[in-house]
Each structure stands twice: as structure tokens, then as C-alpha cells.
Amino acid sequence: MSSSNVLSFRHAARMSTLATVKVKSIFPEVAPLPVPDFYYEFFNKDYVGPYRLPSGDGRKDNTGSASGVLISEDGYIVTNYHVINTAKSIEVILADRHSYPATVVGTDKATDLALLKIKAENLPFIEFGNSDSAAVGDIVLIVGNPLNFTSTVTQGIISYKARNIAHSSKQWTLQSYLQTDGVVNIGNSGGALLDLSGKLLGIVTAIASPNGVYAGYSFAIPAKVVKKTAADLRNYGHVQRGSFGMTAVEMDAETAAELKTSVVAGILIGNIENGGAADKAGLARGDIITSISGVPVESLAELSEVIACSYPGQRLLLKVVRNGGHIQNAIILLDGSDIAK
């Protein structure tokens, strides 16, 4: 609130625009897409790589422009993997128009995140917020560089949590996103989703669109996942991730009827990997996981967020329904760092 009691987002907007950067990537070849769009890979059947702008006769370098978020005063920047994937050089342009070459510290295709570094000090940066505490109906801001308009701020609400937008795949990928109705267009990719105090709730990554431009809904990687992934990339150069060693499907009313159970929300365990974490924890095919470490888990999207924030060797307490009874199992996750490769 301003002093005149008029609702204003000026403080959060001012601080976040200073710490949201333009990421300019140079790619060595022309993309095969007829319409350039950072987001097509999320909605096409096959992964098609980063957005590139055709240049001349196609024999020249091609430039893509997107967004990134400074998360430290010494120049660490989070953006999307698809923004910089296959780029031969990356330039970061700050809000004050200073430009720096960027190096890639590490990438994680499974969460679509990348960590960059520029050589600079005393930079403005955005602090991480609590994406777990964000709720449907909360007002949020989106900051980025859509359509080459730098430092653009839009506003909306969180319209859904743990939205699954991933295609089915043999490889694990993050499936849990914050859905908003804030305006997002080409160039917002890698930008900031913020609460009204200016703290980071997520990294903007995709839109639901039939034509490559904003059509009502956008999606962001939760800050909880971003923070953990960025820390791993900075400390280890890759992401450390735990593995349950099992397949699973979501419970629903139809599945509950088939199984003759009253449990309609939870994770139904399918195949269990011999010698995997679930096997060692004594879990069995047909068990239904209803909570993990005290937090209810009702969807594969929520389970994927647990996995995205997990570590090998981490101990989790599961509440499980088995044959109509309720039991608790402690599971120690094994190394799943390569499950997305």
C-alpha cells in the first residue's frame, strides 16, 4: 500500500526490474520452426530446442532474446535451459544497460533450468520467496523482456498450483508448475514470478497457447525447485536428485472403484525396481501413498516436485494405505541424478 492507501506494486516492481536481466543467446544454426517461440518444446510432441531468430539467408548466426534473474550480488543468474541450450555465446544485459559475457555454470534439462555467471560485483538481486506458502488467488507480478520490451512488469494471480504440463516420457521431468493469468509472451522465458514483497516465487517457463503468443495462462517453475537446482549447479555442476525406484499413477474415483477402496486421492504404486529405495523400504505394488513427510500428496505433479527437491540418501516418512489399512514407511532415497538423462 502507498501512503495514500492506494494499492500499488511500485516497490516490488522497482526492485525486481533492477535484478531481472536480458539474456541474449547466439546460436550457430537456423531452427526448423516456422514460428519462433521459446515455448513450443512444451507443447510439441518432440523436444525441438531453443528459440532462434532467422537471419538473412540462414548462413549467419541467429540471435534469441529472453530473460534471466540475478540471485546473488556476485553475478549468478537463473534462466531456462531452453533459452541457452546449444548457444555458442551468451550475453547478459542488465537494467542499467551494462553488458557482460556469461558463462554456463550448469544446466538441468529435466527442470528446464540453467545457472549462468557474469563477472560483476555488488549487483541487485532477487531473494527467494516461499512457493509452498503461495496460494491460489494470490496476486503476483511477472517481470521480463517480452517481445524485446525490456524490464516489463505484468500482474495477475496464481490460478493453480502443481499444474502438470509435461508430456509423458520415459525420462523423468518436472511436472509441477505454478499457473498464473499474468501476461507472458516470447522473451519472458527465464523471467521472474514475484510476490508483492518482491521475492521470487518462480521462474517463468511456458505458456498455454495455440499460436505462440499469450492466450490466458502462463506457467512458472516453483522457487523451491529453482533454489535447490541452482544450489546444486553452483556447488556440484550438476543436479543431485533422489530416486524412489518405482512407477506410479494418480488415484481417482474410477481407479478407487476398481480397487474397492475409499481413497480417491493419492499415488498408486505400480512396478517396483528390484533393490531400489521403495523395495528396500518394504513398499509393494498396489500401495497408495497419501502423504510424504507430513505433506499430503495427491498428484504425480506434487510427487515430481518432491523428487525435484530431493537428495540421494534423504529419509522421507510415507503414509501408505495397504489393503484398507494405514501404515507408515520410512524410505531412504537412492541416487536418481541420472533419471532425467
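Residues numbered from 1 in each chain as written. Predicted model: local features only at pLDDT ≥ 70, side-chain atom pairs only at ≥ 80, totals over all residues. Heavy atoms only, no water.

(A) Representation of the nonpolar core in the model. Residues Phe244, Leu318 and Ile331 are the most contacted members of the largest nonpolar core, which totals 64 residues. Once residues lying within four places of it in the same chain are set aside, the contact partners of phenylalanine 244 are Ala277, Ala278, Ile292, Leu303, Val306, Ile307, Leu316, Leu318, Ile331 and Leu333. Counting 11 residues, the second-largest nonpolar core is a separate cluster that includes Ala134, Leu201, Val204 and Ile207. (Core = buried A, V, L, I, M, F, W, Y, C linked by side-chain atoms within 4.5 Å. Buried < 20%, exposed > 50% of the residue type's maximum accessible area, 1.4 Å probe, protein only. Contact = heavy atoms within 4.5 Å.)

(B) Here's a closer look at the sheet that holds strand E5 (residues 99–101). Pairing in this open sheet of 7 strands is antiparallel, and the strands run E5-E4-E1-E2-E3-E7-E6 from one edge to the other. Of all the strands in the sheet, just E5 and strand E6 (103–108) have a single pairing partner and so form its edges. Across the sheet, the mean angle separating the axes of adjacent strands is 30° when strand polarity is ignored. Two elements, strand E2 (residues 62–70) and strand E3 (residues 76–79), share 2 bridges in a ladder whose sense is antiparallel. Paired with valine 69 across the strands is valine 78, a residue of E3. Strands in contact with helix H1 (residues 10–19) are strand E1 (20–27) and E2; relative to E1, the strand with the most contacts, it is inclined by about 30°. Helix H3 (residues 223–236) contacts E3, E6 and strand E7 (113–117) of the sheet and is inclined by roughly 50° relative to E7. (Pairing = 2+ DSSP bridges. Helix = DSSP H or I, 4+ residues; strand = E, 2+ residues; numbered from the N terminus. Axes fitted to C-alpha atoms, helices over the stretch in contact; angles between N-to-C directions.)

(C) Geometry of the packing of aromatic side chains. Within the structure shown, the criterion is met by 0 aromatic pairs. We note lysine 228 situated over the ring of tyrosine 311; from NZ or CZ to the ring centre the distance is 4.3 Å. (Phe/Tyr/Trp six-rings, centres within 6.5 Å; stacked < 30°, edge-to-face > 60°. Lys NZ or Arg CZ within 6 Å of the ring centre and 35° of its normal.)

(D) Seen up close, H3. Compared with the 20 Å implied by 1.5 Å per residue over 14 residues, the 19 Å span of H3 between its first and last C-alpha is a close match. Looking at H3, one finds that the buried residues are Ala223, Val225, Val226, Lys228, Thr229, Ala230, Asp232 and Leu233. Where H3 is buried, its residues meet E3, E6, E7, strand E12 (200–208), strand E13 (217–222) and helix H6 (300–308). Phi turns positive, to about 85°, at glycine 237, one or two residues after H3. (Expected span 1.5 Å × (residues − 1).)

(E) Spotlight on the pairing of strand E17 (residues 288–292). Within E17, 4 of the 5 residues are buried, leaving the element largely enclosed by the surrounding structure. Bridge count for strand E16 (residues 267–272) against E17 is 2 bridges, and the pairing is antiparallel. By the bridge assignment, leucine 268 is partnered in E17 with isoleucine 288. As paired elements, E17 and strand E19 (residues 315–322) share 4 bridges and run antiparallel to each other. Residue pairing for E19: serine 291 is matched across the bridge by lysine 319.

(F) Structural view of the pattern of salt bridges. Applying the stated criterion across every chain, the model contains 5 salt bridges. Its salt-bridge partner being arginine 234, residue aspartate 74 comes within 3.5 Å of it at the nearest N-O pair. A residue pair is termed long-range when its members are at least 10 positions apart, and aspartate 74 in the loop between E2 and E3 and arginine 234 in helix H3 qualify at 160 residues. With relative accessibility at 43%, the residue arginine 234 sits in the partly exposed group. A salt bridge links arginine 322 to aspartate 287, with the shortest nitrogen-to-oxygen separation between them at 2.7 Å. Of this pair, arginine 322 sits in strand E19 while aspartate 287 is found in the loop between helix H5 (277–280) and E17, placing the two residues 35 residues apart along the sequence. For arginine 322, a relative accessible area of 28% gives the class partly exposed. For aspartate 287, a relative accessible area of 2% puts it in the buried group. (Salt bridge = Lys/Arg side-chain N within 4 Å of Asp/Glu carboxyl O.)

(G) Expanded view of empty space enclosed by the protein. Under the criterion given, the structure shown has 1 cavity of 30 Å³ or more. Size it by volume and the largest cavity reaches roughly 30 Å³. Residue lining of the largest cavity: Val78, Leu113, Ala114, Leu115, Val226, Thr229, Ala230 and Leu233, and that is the complete set. Looking at the lining of the largest cavity, the elements with two or more residues in it are E7 and H3. Broken down by element, the lining of the largest cavity gets its largest block of residues, 4 residues, from H3. (1 Å grid on protein atoms, 1.4 Å probe; cavity = no way out; pocket = protein on both sides within 12 Å on 5 of 7 lines; lining within 4 Å. Points joined across faces, edges and corners; volume = space filled by probe spheres on them.)

(H) Geometry of the side chain of serine 310. Position of serine 310 among the secondary structure elements: in the loop between H6 and E19. For serine 310, the side chain forms a polar contact with the main-chain nitrogen of glycine 242, separated by 3.0 Å. The contact partners of serine 310, leaving out residues within four places of it in the chain, are Lys228, Gln240, Arg241, Gly242 and Leu333. (Polar contact = N/O pair within 3.5 Å; in protein donor to acceptor, adjacent residues only side chain to side chain.)

(I) Quick peek at the sheet that holds strand E10 (residues 177–180). Spatial ordering of the closed barrel is given by E8-E9-E10-E13-E12-E11, a layout of 6 strands whose pairing is antiparallel. Direction aside, the axes of adjacent strands within the sheet are offset by 45° on average. In terms of strand pairing, E12 meets E13 through 6 bridges, oriented antiparallel. Each residue of the ladder has a partner; that of alanine 206, found in E13, is phenylalanine 219. Where H3 meets the sheet, it contacts E12 and E13, and its direction lies at approximately 45° from that of E13.

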